[in-house]
Amino acid sequence: MLTHLVLAATLLAGLGMSSAMAGSDGAKLYGRHCAACHGANGDGGIGIPLSLRSFQAGASDDYLSKTIRHGRPGRVMPAFSKLDESEIKAIVRHVRSWNKGASATYTGQHVKGDPVHGKKLFAQYCAACHGADGEGGKGTGVTYSRPRDLPIMAPALHNPGFLAAAPDAMIKATLMHGREGTPMKSFLKQGLKEKDIDDIVSYVREFEKQPLSGSARVLKVENPVIVRDSPYDLETTVENAKRAVSNNNFFYGRVQTLEYGLTAPADENPKQVIVYFCNISLLNQALAIDPRVGMFLPCRITILETNGKVQVMSVNPNVLSRLFNNSELNRLCDEMTKSYTAIVEEATL
Amino acid sequence: MKHSLKWAGAAWLTLLLCMPAAADDLLMARANRMFPEAMTLLQSAISSRGYTVTRLQQVNENLQRREFQSDMYRVVYFGKLEEVRRATARNPDLIPFLPLNITIFAEGDQSILVASHPQMLQEFFPDPELKALFERWEKDMVEIMDEVREEK
């Protein structure tokens, strides 16, 4: 009997400890992967405020898990493909610890409605915030310390990550009850009937069958580096590059070797030269869309000589679209890729 | 018919989710520190792992000189000479991605740090000889970010 009691106590203590450990792991994992965008206590910032009572009440654990797993392609929230299931569960538990209420559960049953009528209602009631094509509110949620008009960005509904995470029943519940503390109001209170709401849900589900929305598109990169061979010697190519920079509406900043600052100037390898340049207006536009792009600043192209062969190269700016998972950068990335290619080609012409 | 349409929708969604996009390729950290303090911690965390800080890019000053407003914003470049020499000798295409860097900027009375995962370079440069180096850069970068975030 005593042995059983000791065993039971040990087991319970063990369970308690493992639960506490999971809790602390969840906090640590949240701190590492989520807090930068969602805030240390889930009060939002770049990402949505996860601790918001109405969000907690409306989102199921499954929705949170799938959102972490799939992210929102093109909408900043990344897919955490390297986290395993137990890590994701630990993060979800941590997020749930901010709210003591029961979390929502939803069936996977499809809501039957008329998507044609739903489309009309969507245009009337949803499009102003969620976009005509369900592409989501402008700004992708990246606002940092810049002024914010809304406490939450209208999410992209026409997004494979959202559609995989949100069951029909959850979308319906959100439409029925709204989300207190956000601009999302109850559609019932706006005079719609449950049948109308079903029609909207069935229209939103139809997004799955439509081509990918522009806001969910991330540029593909075949080659991360733009490279051209130069017929000139290193010095001439550097001068050509400086001229090409100015000809393409950038101002030339400085020339340094790759090893600048790593060793004494006399020991630097003079055959690896970097030309730094910038266009402040373009930079300001990029930072306004996504302040994280600074990690690729300033613009630069590399000129190097290996065994008498001179090459000019730069990072392919389209890499940024994927790296930041921000479709609003796509236009700028495309422009930058064209400019970089033009500079590299002009320097080696 | 309806059943097969549902399957088609699910298959389409699966296909879209399998597209190579939206991976967690960025390391980000929010430090509960004012910018100057976080900046000092960051440089110390970098140096304590044997890296040399080569340059501090002053982004906000450059913007303000042309009348664009910005919070405090720096890009911190760092590296180790021998590693940079070894890696670029084997693969010169790596040069545009070096030296390593971490972006740091103010958000109110907190600071945000951003860097790309060095391990991502493995996908672009699948040289087995560089694998161990990328992995160590990854480990160091994660530790640096953790140190600045968790410093009490």
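Treat the numbers as computed from the prediction; the structure is a model and nothing was measured.

(A) Region of interest: the overall build of chain B. Regarding its fold elements, chain B presents six helices and five strands. Shown N-terminal to C-terminal, the secondary structure of chain B runs as helices and strands in the order α-β-α-β-α-β-α-β-β-α-α. Each of the 152 residues in chain B was classed as buried or not, and the buried ones make up 41%.

(B) Spotlight on the nonpolar core. Residues A241 of chain A together with L42 and L113 of chain B are the most contacted members of the largest nonpolar core, which totals 125 residues. Each of domain 1 (20-213) and domain 2 (225-348) of chain A contributes no fewer than three residues to this core. Ignoring sequence-local partners within four residues, the contact set of A241 of chain A consists of V275, I301, I303, V312, I343 and A347 of chain A.

(C) Examining the confidence of the model for chain A more closely. Residues and elements named next belong to chain A. Taken over all residues, the pLDDT of chain A has a mean of 87, while the share at 70 or more is 89%. Taken as a whole, residues 5-22 scores under 50 in pLDDT and shows two contacts with residues more than four places along the chain or in a different chain. For residues 141-148, every residue scores under 50 in pLDDT, and the model assigns this stretch 17 contacts once sequence neighbours within four places are set aside.

(D) Looking closely at the interface of chain A and chain B. The interface of chain A with chain B comprises 53 residues on the first partner and 51 residues on the second. Elements supplying a minimum of two residues to the side of chain A that touches chain B: helix 1 (2-33), helix 2 (35-38), helix 8 (160-165), strand 1 (225-230), helix 12 (280-289), strand 4 (299-306), strand 5 (309-315) and helix 13 (318-324) of chain A. A per-class count over the side of chain A that touches chain B returns 31 nonpolar, 15 polar and seven charged.

(E) Region of interest: the environment of N41 of chain A. Residues and elements named next belong to chain A. Tracing the sequence through the fold places N41 in the loop between helix 2 and helix 3 (53-58). Judged by local crowding, N41 falls into the exposed class, with 12 C-beta atoms found within 10 Å. A sequence separation of 16 residues divides N41 from A57, and the C-alpha atoms of the two residues are 17 Å apart. Beyond its immediate sequence surroundings of up to four residues, N41 is in contact with S51 and W98.

(F) Fine view of unusual backbone geometry. Note the cis peptide between L98 of chain B and P99 of chain B, where omega equals -5°. For P99 of chain B, the position within the fold is in the loop between helix 4 (81-90) and strand 4 (100-107). Even without being a glycine, N325 of chain A presents a positive backbone phi close to 50°. Along the polypeptide, N325 of chain A turns up in the loop between helix 13 and helix 14 (330-348). Residue class for N325 of chain A comes out buried when judged on the 26 C-beta atoms lying within 10 Å of it.

(G) The packing of helix 6 (residues 115-125) of chain A against helix 10 (residues 194-206) of chain A, seen in detail. Residue and element names in this part refer to chain A. As a packed pair, helix 6 and helix 10 sit with axes 7 Å apart at the nearest point and diverge in direction by 95°. As judged from the angle between their axes, helix 6 and helix 10 are roughly perpendicular. On helix 10, the residues touching P115, H117, G118, K119, L121 and F122 of helix 6 are D196, D199, I200, S202, Y203 and E206. Of the residues that constitute the contact of helix 6 with helix 10, the class distribution is five nonpolar, three polar and four charged.

(H) View of the pairing of strand 5 of chain A. Residues and elements named next belong to chain A. Across the seven residues of strand 5, six count as buried, placing the element largely inside the fold. As paired strands, strand 1 and strand 5 are joined by six bridges and run antiparallel to one another. Each bridged residue has a counterpart across the sheet, and for V225 the counterpart in strand 5 is V315. The turn joining strand 4 and strand 5, which pair antiparallel and follow one another in sequence, is formed by two residues; a positive phi near 50° is taken by N307.

(I) Just the confidence of the model for chain B, in detail. All names here are of chain B. Across chain B, the average pLDDT comes to 84, with 80% of residues at or above 70. Mean pLDDT values over the elements of chain B span from 50, in helix 1 (residues 2-17), up to 96, in helix 2 (residues 35-47). This model gives residues 12-22 a pLDDT under 50, and the stretch forms 22 contacts once residues within four places in sequence are excluded. Overall fold confidence for the complex sits at a pTM of 0.83, while the interface term, ipTM, reaches 0.82.

(J) The arrangement of the environment of P160 of chain A in detail. With respect to the helices, strands and loops of the structure, P160 of chain A is situated in helix 8. A sequence separation of 52 residues divides P160 of chain A from L212 of chain A, and the C-alpha atoms of the two residues are 7.9 Å apart.

(K) Fine view of the sheet that holds strand 1 (residues 26-31) of chain B. Residues and elements named next belong to chain B. Sheet architecture is open: five strands sit in the order 1-5-4-3-2, paired in antiparallel fashion. A strand with exactly one partner marks an edge of an open sheet, and here the two such strands are strand 1 and strand 2 (52-58). Strand-to-strand, the axes of this sheet are offset by a mean angle of 20°, without reference to chain direction. With five bridges connecting them, strand 4 and strand 5 (residues 110-116) associate as antiparallel partners. Residue pairing in the sheet places E107 in a bridge with Q110 of strand 5.

(L) Just the sheet that holds strand 5 of chain A, in detail. All names here are of chain A. Pairing in this open sheet of five strands is antiparallel, and the strands run 1-5-4-3-2 from one edge to the other. In the strand order of this sheet, the two ends are held by strand 1 and strand 2 (251-257), each with one partner. For this sheet, the mean angle separating the axes of adjacent strands, direction not counted, is 20°. Against the sheet, helix 14 engages strand 1, strand 4 and strand 5, with an angle of about 10° to strand 1.

(M) Fine view of helix 11 (residues 234-247) of chain A. All names here are of chain A. Helix length check: helix 11, at 14 residues, gives a terminal C-alpha distance of 20 Å against a target of 20 Å (1.5 Å per residue), a fit within 8%. Within helix 11, burial applies to T237, V238, N240, A241, A244 and V245. Projected onto a plane normal to the axis of helix 11, the buried residues spread over an arc of 160° and lie on a single side. Those residues of helix 11 that are exposed and angled more than 90 degrees off the buried face are S246 and N247. The inward-facing, buried residues of helix 11 contact strand 1, strand 2, strand 3 (272-278), strand 4, strand 5 and helix 14. Just downstream of helix 11 lies N249, where phi reads positive at about 65°.

Here is what the cut-offs are and how they apply
- Residues numbered from 1 in each chain as written.
- Chains lettered and ligands numbered in written order.
- Predicted model: local features only at pLDDT ≥ 70, side-chain atom pairs only at ≥ 80, totals over all residues.
- Helix = DSSP H or I, 4+ residues; strand = E, 2+ residues; numbered from the N terminus.
- Buried ≥ 20, exposed ≤ 12 C-beta atoms within 10 Å, placed from the backbone.
- Core = buried A, V, L, I, M, F, W, Y, C linked by C-beta atoms within 7 Å.
- Domains from an automatic or database assignment.
- Contact = placed C-beta atoms within 7 Å.
- pLDDT = per-residue confidence, 0-100.
- Nonpolar A, V, L, I, M, F, W, Y, C, P; charged D, E, K, R; others polar.
- Axes fitted to C-alpha atoms, helices over the stretch in contact; angles between N-to-C directions.
- Parallel < 35°, antiparallel > 145°, perpendicular 65-115°, else oblique.
- Pairing = 2+ DSSP bridges.
- Expected span 1.5 Å × (residues − 1).
- Arc of directions from axis to C-beta.

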